[in-house]
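# Secondary and tertiary structure notes
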Amino acid sequence: MSSPATSDAVVVDHLRVLRGGREVLPDLDLRVPAGQVVGLLGPSGGGKSTLMRAVVGVQVTDGGSVTVLGEPAGSPVLRHRVGYLTQAPSVYGDLTVRDNVRYFGRVLGRTGAEADAAIEAVALADHAGTRVDRLSGGQRSRASLACVLVGDPEVLVLDEPTVGLDPVLRRDLWDVFRGLAARGRTVLVSSHVMDEAVRCDRLVLLRAGRVLSDSTLPDLLDRTGAEDAEHAFLALVDEADSREPS
Amino acid sequence: MNPRITLATAGRVLRQLRADHRTVALIVVVPCVLLGLLAWVYADAPGGVFDRIGPALLGVFPFVVMFLVTSIATLRERTSGTLERLLTSPMGKGDLMLGYALAFGVVAVLQAVVATAFAVLVAGLDIAGPLWLLVVIALVDAVLGTALGLLASGFARTEFQAVQFMPAFVLPQFLLCGLILPRDALPGPLEAVSDVLPLSYAVDAMQDVGARADPLGDVLPSLGVIAVWIVVALVLGSLTLRRRTP
């Protein structure tokens, strides 16, 4: 591990969220240590995005608390310190990549040079002058990621940043995330691609709004006797199902 | 509120508009075509009807156009996720709304200068008061349209709905603003309603400039009423921008 966790960047305590009358997160506890890359894995519909929205403070919650860097999630003081990548790319299609990143950078008080560095980090320098709506889906989501990186936030909440990318780009982006953690940034990243688990310091397996497991990958494999994260996840699902037969 | 963020937002909105040549052309050219058409319609009619209606239309165009452009643009911000991203950033709601108002104010000045020049030089409109005052009123009307557009977009879920708000918000004001029938000739209750609606004051102010050599004393109270409407619409509009959503 790159840096020892001195404290928890995110503390989720008995979080309850209802969406459309459905209990998406019934009663969730979670700690995200500072300076680590924590992967949030699990099937879609399992509550990953809702949890992330709650951490950023855009989700109306129905109980419990979410604390980020010692402040309640969504506090004004956190708006400089937490970066959020939505699952669907949220960038302006009618602007170029550069104009998008510069704009979000300026909102966060960053310079043009810092915007260019963020574009470089997501390997879009060759497309900096291209309108976002002329990019491919993967390029668009990287443009959206650059708009988060430009702010150099202390906590990054990234909802499926590598979806639809080829293996080389995925590896490069994970290198970026590892680099952020090495500089003391906390990265909470969701994915439904289990093989990305090997790049995380910790893994949180989320299913039906409950945390099935929260540990390092070696611990998880040890405990389940599985050979990789995917099989470990399946083993945990079977175990949970046999424990509470419905 | 932060001037850097407000200006960055105004610049971003203008950059989006600049990329859309056809919209800019429509905003600038359509008022000229309509004014020309109106001058032609009344070419052989006695009584200087065009000199009465022409200035009023110079006040109606920026209001209608900016209402439409703003309500669609804001709705796009909501549906594309960029609004949610901005509201998790240090941007204040006031920064966003003022940024839009500034950007569309610039466009309104351009539109007003071109339309006024066309009306006076080509269509032969006779203006007794100072021409700069026409441009100032057009600018205030445009900001009014932007403010009401922001408010209306809060109630629209789709672009179809946003477009339908235009006739709902604008046409009643148009019918009651004194262009169809002088306001003091309206039935009592309707006159009372028209005394409250902002477009009535926009049209009054324009007609004062058209008819009087020194209209400032009559124009300023009208602009004051419109300013109150702008503030009320912006305050109500800011309530529709929610940082937390279910």
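For the structure, see preceding data.
Residues numbered from 1 in each chain as written. Chains lettered and ligands numbered in written order. Predicted model: local features only at pLDDT ≥ 70, side-chain atom pairs only at ≥ 80, totals over all residues.

### Quick look at helix α2 (residues 97–107) of chain A
Of all 11 residues in α2(A), 11 are buried, a share of seventy percent or more. Within α2(A), burial applies to A:Val97, A:Arg98, A:Asp99, A:Asn100, A:Val101, A:Arg102, A:Tyr103, A:Phe104, A:Gly105, A:Arg106 and A:Val107. The elements touched by buried residues of α2(A) are α3 (112–121) and α4 (137–149) of chain A together with α1 (3–18) and α4 (82–87) of chain B. Positive backbone phi, at 80°, marks A:Gly109, one or two positions downstream of α2(A). (Buried ≥ 20, exposed ≤ 12 C-beta atoms within 10 Å, placed from the backbone. Helix = DSSP H or I, 4+ residues; strand = E, 2+ residues; numbered from the N terminus. Contact = placed C-beta atoms within 7 Å.)

### Concerning the nonpolar core
Counting residues in hydrophobic clusters, the biggest one holds 148 residues, and the most contacted among them are A:Val55, A:Ala146, A:Val157, A:Val187, A:Leu188 and B:Ala147. If you tally residues by element for this core, the top one is helix α3 (residues 49–80) of chain B, at 16 residues. If we ignore the near neighbours within four places in the chain, the residues touching A:Val157 are A:Met52, A:Val55, A:Val56, A:Val82, A:Gly83, A:Tyr84, A:Leu85 and A:Leu188. (Core = buried A, V, L, I, M, F, W, Y, C linked by C-beta atoms within 7 Å.)

### Remarks on the interface of chain B and chain A
Tallying the contact residues gives 22 residues for chain B and 22 residues for chain A. Breaking the side of chain B that touches chain A down by element, the ones donating at least two residues are α1 and α4 of chain B. Counting residues per element, the side of chain B that touches chain A draws most heavily on α1(B), at six residues. For the side of chain B that touches chain A, the class distribution of residues is seven nonpolar, seven polar and eight charged. (Nonpolar A, V, L, I, M, F, W, Y, C, P; charged D, E, K, R; others polar.)

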